[in-house]
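Listed here are the chains, written in short residue letters.
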Amino acid sequence: MINPEFVEFLESNHYYQIVHHKESDTYSCLTSLMFTTAILHDLDGSGYGSRFCFESEERALFELGKWLGNGFADDKEPTGWIARR
């Protein structure tokens, strides 16, 4: 179930394009870092499971949309990232 307070917290900390995953009750979103834009995946109140950094916001947004279309399959991940954590 979507947690409106958590989403508000994310938005107030400059996270955007927030997607809720019903099955795991986690989120994915974009965030701007100093030199890159990142997709944060499996985000909850404890942190995130993985982070994929891209050279441009456009590429990160494209990859988030493509990954969302694949249902965030565990055996797939975004492509074109320059750093993964």
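Note that the structure is a prediction, hence the values are computed from the model and not measured.

1. Thoughts on helix α2 (residues 57-69)
No. 1: Over its 13 residues, α2 runs 18 Å from end to end, which matches the ideal 18 Å to within 8%, given 1.5 Å per residue.
No. 2: Buried within α2 we find A60, E63, L64 and W67. Down the axis of α2, the sector holding all buried residues measures 105°, keeping them to one side. Facing away from the buried side of α2 by over 90 degrees, the exposed positions are E58, F62 and G69.
No. 3: Residues of α2 that are buried in the fold lie against β1 (15-21), β2 (26-32), β3 (37-43) and β4 (50-54).
No. 4: The positive-phi residue at the C-terminal boundary of α2 is G71, with phi of around 70°.

2. A few points about the nonpolar core
No. 1: Core analysis: the largest hydrophobic core is formed by nine residues, namely V19, L30, I39, F52, F54, A60, L64, W67 and F72.
No. 2: Listing elements by their share of this core, those giving two or more residues are β4 and α2.
No. 3: Among the elements that take part in this core, α2 stands out by supplying three residues, more than any other.
No. 4: Not counting residues up to four positions away in its chain, the partners in contact with F52 are T37, A38, I39, W67, E77, P78, W81, A83 and R84.

3. A word on the state of the cysteines
No. 1: The full count for this structure, using the stated rule, is zero disulfides.
No. 2: Here C29 is not disulfide-linked; the sulfur of C53 is the nearest cysteine sulfur, at 12 Å.
No. 3: Classification of C29 by relative accessible area gives buried; the value is 0%.

4. Some points on helix α1 (residues 4-12)
No. 1: Those residues of α1 that sit buried are F6, V7 and L10. Looking straight down α1, one finds that the buried residues subtend no more than 100° of arc, so they occupy a single side. Structural note: α1 exposes P4, E5 and E8 on the side pointing more than 90 degrees away from its buried face.
No. 2: Against the buried residues of α1 lie β1, β2 and β3.
No. 3: Its side-chain oxygen placed 3.0 Å from the backbone nitrogen of E5, N3 serves as the N-cap of α1.
No. 4: In the stretch just after α1, H14 is the one whose phi turns positive, near 70°.

Definitions and cut-offs
- Residues numbered from 1 in each chain as written.
- Predicted model: local features only at pLDDT ≥ 70, side-chain atom pairs only at ≥ 80, totals over all residues.
- Heavy atoms only, no water.
- Helix = DSSP H or I, 4+ residues; strand = E, 2+ residues; numbered from the N terminus.
- Expected span 1.5 Å × (residues − 1).
- Buried < 20%, exposed > 50% of the residue type's maximum accessible area, 1.4 Å probe, protein only.
- Arc of directions from axis to C-beta.
- Contact = heavy atoms within 4.5 Å.
- Core = buried A, V, L, I, M, F, W, Y, C linked by side-chain atoms within 4.5 Å.
- Disulfide = S-S within 2.5 Å.
- Polar contact = N/O pair within 3.5 Å; in protein donor to acceptor, adjacent residues only side chain to side chain.

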